[in-house]
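Listed below, chain by chain, are the residues.
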Amino acid sequence: MLNQNKNIVNKPYIPLDNLSCKLREIIHIKCSPNEWEIKLQFIESHQLLIAASGQGWLNVDGQFIEMREGNMYVCTPGQLIQAVAHSFDERGFYYLRFDVIEDDKSTVDPMQMVKRDSVFPVKGEVAASSPVSVNALCESICNFFQSEDQLERFRSHILFQELLYHILQDAHVVQAKDSDAALEYVKTYIEQHYQEELSIEQLAKVAGVSSRHFMRLFKKRYGCSAIDYLAAFRITQAQQLMRTGGEYRLKDIARHVGYPDDLYFRRKFKQISGLPPAAFMRNSKQKIAAYHGSSIGQLLPLQVTPRAAPSDHPWTNYYQRKYQTDLVLPLSTDHSLKRDELKLAKPDFIIGIDSFVSAEEQTRIRQIAPAFFVPWIDNDWRGHLRLIAQFLDKTAIAETWLGNYERKAHFVREQIKNTIGEESLLILRITGDRYHVLGCRSLDAVFYDDLHLVPARGVDRMNPIQQLTPDELTDFCPDRILLILDEDPLSQSSWRDLMRSASWRELKAVRNGHVDFLPTYPWIEYTAFTHELILDEALKLWRNRA
C-alpha cells in the first residue's frame, strides 16, 4: 500500500512551473440525435473529453473504456484512440484539443532556453469532484474562445488553465491511493527527466514509498528494474538522435542522454541495441523502403525507420510522429507509380513480401535497388524477421530483439495466469457482415503460442479465416472473447445486430463480462512489432490485480 501521509498527498506532481498548456480547439456537442465520434487514429496533440451528459465509449491503445457522465478523459500524443458519444441533453459533451510545451532549463543562460513538446502529467479517466463546476468552466471557455473580442478569447485561455487545475487536483486523489497510477506516473517522470542523474531513492520518493518497496513494485509491474527502464529509454533517445542524420559526436550524444562516461554509454548501447553505436550510426544512414505495409512491422524491430512506405498504411503517419522524421516518402498503390516513386527515393534496399507481388513485378523492382521479398508461406513471423535481418546484415539486432521478446512474453504469462487460468479464449473479428475466428498467421500466435492461452473449443488454427454465424458461436463455448471490430458502418451495424441476438447474450463470456476489444489496426498484422504491442495489451486487459 502506498504511503498516503499528508506530505505525499500535497506533492503528487513534479514541478509544473516549466509547463505551458495552449488550448487549440474546443467543441460543445449537445442535444444531437446523432452520434459524435472520433475515428480510429493516432493523435498528434493532447485531447480532453468531458462527458457533461450522454453515453459513449472510448478505446485507448486497445483498452475499452465506457465513458461515464461527469468524468473527464485525457488522451496524450501518440495514443491510438477511437471514441463514440451519444444521447446528449442540453449540458452536452465537450471535446478539447491542446498542446503541452516544456521549457528546457538545462542551460544556465535563460536567453538560450528552448521549448520542447512534453506530456501532461495526467492521462486516462479522471472523476470530477464537482461536475457542475467543470461544466460551467467548459461552457465559459467555449463561449469566450469563439468570441470575436480578443480580450474574451484571452480570458478563455485563462479559464482553460483553471480547468487543467481541476483535472490535476481531482486526479491527485486517485494517484495517492492507486499504486498502478503512481508507478505509471514514475515511468512518465523517468521519460521526462532521463537526462538527469536519477536514483532509486529519488524515484521512490516520487512514488511515495520506500526504496525497497518501490523496486519490488516496479519490477512486478514492468518486468524490469527502474534503472534498466531508464537505460533502455536513454538508448532509445540516443537512437532517435542518430537517425536525424546530424553529424553529432558520440560523446555529445552520450552526454545528451545522461551518460557522462563515453565507455559506459558504448557498453550499454551495444547491450540494449545488439550492436555498437558507431555501427548503428552507419546503418541509420541506409535508405530502406518498405514495399508493402506489413514490412514496416518487421523493419522497426531491426531499428530501421523506412524512408519510403505505402501511404495508405496506418503506421506510415505513426512512425513519422514517433521517430520525428519528415523523410518518409509515401508510396502509391498503383504499381507503375510506385516504381517511379522508388526511383526518386533511390533506396539502398527494398523489402517486400513474395506472396503479395508477382514474379514479373519483383524483377522490375530489383532493377531499382537490391530487393528481398520475404517467403511468406514457408516461415512464421520470427522466420520473416530473421530472413530480413540476414539480408540487411542485422542478425545481431534481430536476435537481441527476439531474446527481449521471449523474456517479455514470459513476464506477461506470469502476470496474467491468475486472471486467465485455464479459461478458453476465442478471438473473433467482425468485418462487414462477416464473423470469423482468427487462425494461423495472425495475432492468435501471441495468445495461444507465446502466452499459452487455451483456444476455445472448435478453433481451427490451421484455417486463417474460419467463418461462422452468430448462432454457431454457442458451439465454441468460450470463457473469454477478444473482439476485433472493423470501423466501417457495415461492421458496426453487424456488431449491434450481434449484441441484440439471443445467442450472443447466452454466451458464458458475455454473461460473465469477459469480452474485451481491440481495434483492427495495427493488431491484425502478423509482424514482430505488432506482436510486442499485443503483449502490452494483454497486460492491460488481464493483469492480476491481487
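Residues numbered from 1 in each chain as written. Predicted model: local features only at pLDDT ≥ 70, side-chain atom pairs only at ≥ 80, totals over all residues. Heavy atoms only, no water.

(A) Seen up close, the overall build of the protein. When its secondary structure is counted, the protein shows 22 helices and 21 strands. Burial statistics for the protein: of 546 residues in total, 52% are counted as buried. Across the protein, every contact between residues at least 6 apart in sequence was considered, and the portion connecting residues at least 24 apart equals 68%. Here the protein has roughly 25900 Å² of accessible surface; of this, 50% comes from carbon and sulfur atoms. (Helix = DSSP H or I, 4+ residues; strand = E, 2+ residues; numbered from the N terminus. Buried < 20%, exposed > 50% of the residue type's maximum accessible area, 1.4 Å probe, protein only. Contact = heavy atoms within 4.5 Å. Areas by Shrake-Rupley, 256 points an atom, 1.4 Å probe, with all protein chains shown as cover.)

(B) View of helix α14 (residues 359–366). Among the residues of α14, those classed as buried are Glu361, Gln362 and Ile365. Down the axis of α14, the buried set is contained in an arc of 105°. They therefore lie on one face. In α14, the exposed positions that point more than 90 degrees away from the buried face belong to Ala359 and Glu360. Buried residues along α14 sit against α13 (335–345), β14 (349–353) and β15 (371–374). (Arc of directions from axis to C-beta.)

(C) Structural detail: the confidence of the model for the protein. Taken over all residues, the pLDDT of the protein has a mean of 85, while the share at 70 or more is 88%. Predicted confidence is poor over residues 1–12, with pLDDT under 50, and the contacts of this stretch with residues over four places away or in other chains come to 24 contacts. In the model, residues 173–177 has pLDDT below 50 throughout and makes twelve contacts with residues more than four positions away in sequence or in other chains. (pLDDT = per-residue confidence, 0-100.)

(D) Quick look at the packing of helix α4 (residues 179–192) against helix α7 (residues 226–243). Between α4 and α7, the shortest axis-to-axis distance is 10 Å and the interhelical angle comes to 40°. Between α4 and α7, the angle falls in the class oblique. Of the two elements, α4 crosses α7, and the hand of that crossing is right-handed. Between α4, through Lys187, Ile190 and Glu191, and α7, the contact on the second element is made entirely by Ala226, Tyr229, Leu230 and Phe233. When the residues that make up the contact of α4 with α7 are grouped by side-chain class, the tally is five nonpolar, no polar and two charged. (Axes fitted to C-alpha atoms, helices over the stretch in contact; angles between N-to-C directions. Parallel < 35°, antiparallel > 145°, perpendicular 65-115°, else oblique. Left-handed = near helix turned anticlockwise from the far one by under 90°. Nonpolar A, V, L, I, M, F, W, Y, C, P; charged D, E, K, R; others polar.)

(E) View of the nonpolar core. Of all hydrophobic cores here, the largest spans 52 residues; its most connected members are Ile427, Leu443, Phe447, Leu451 and Leu453. Sort the elements by how many residues they give to this core and helix α16 (residues 395–420) lands first, with nine residues. Counting residues in each nonpolar core, the second largest holds 36 residues, with Val186, Tyr189, Met242 and Tyr259 among its members. (Core = buried A, V, L, I, M, F, W, Y, C linked by side-chain atoms within 4.5 Å.)

(F) The arrangement of the pairing of β15 in detail. Of the two faces of β15, both are covered, the one formed by Ala371 and Phe373 as well as the one formed by Phe372 and Val374. As defined by bridge partners, β14 adjoins β15 across four bridges and the pair is classed as parallel. From the neighbouring strand, isoleucine 353 faces β15, where its bridge partner is valine 374. (Pairing = 2+ DSSP bridges.)

(G) Up close: the pattern of salt bridges. Tallied over the entire structure, the rule returns 22 salt bridges. In this structure, aspartate 252 and arginine 249 form a salt bridge, with 2.9 Å as the shortest nitrogen-oxygen distance. One salt bridge in this structure joins aspartate 444 and arginine 461, with 2.9 Å as the shortest N-O distance. Taken as a pair, aspartate 444 in helix α17 (residues 444–450) and arginine 461 in the loop between β18 (454–455) and β19 (465–468) lie far apart in primary sequence, 17 residues in all. Residue classification places aspartate 444 among the buried positions, given a relative accessible area of 1%. (Salt bridge = Lys/Arg side-chain N within 4 Å of Asp/Glu carboxyl O.)

(H) Here's a closer look at the environment of cysteine 477. Relative to the assigned elements, cysteine 477 resides in the loop between α18 (473–476) and β20 (480–485). For cysteine 477, a relative accessible area of 33% puts it in the partly exposed group. Placed 19 residues apart in sequence, cysteine 477 and glycine 458 show a C-alpha to C-alpha distance of 8.9 Å. Those residues within four positions of cysteine 477 in sequence are excluded, and the remaining contacts are Ser424, Arg457 and Lys508.

(I) Geometry of a nonpolar patch on the surface. A grouping of Leu151, Phe154 and Ile158 is seen on the molecular surface, where their side chains present a nonpolar patch of about 350 Å² in accessible area. Within the secondary structure, leucine 151 is located in helix α3 (residues 150–177). (Patch = residues over 30% accessible without salt bridge, like charges linked within 9 Å, V, L, I, M, F, W, Y side chains within 5 Å.)

(J) Representation of the environment of leucine 453. The topology assignment puts leucine 453 in the loop between α17 and β18. The sequence separation of leucine 453 and glutamate 423 amounts to 30 residues, and the corresponding C-alpha distance is 7.7 Å. Ignoring anything within four residues of it in the chain, the contact list for leucine 453 reads Ile416, Ile420, Leu425, Phe447, Tyr448 and Trp542.

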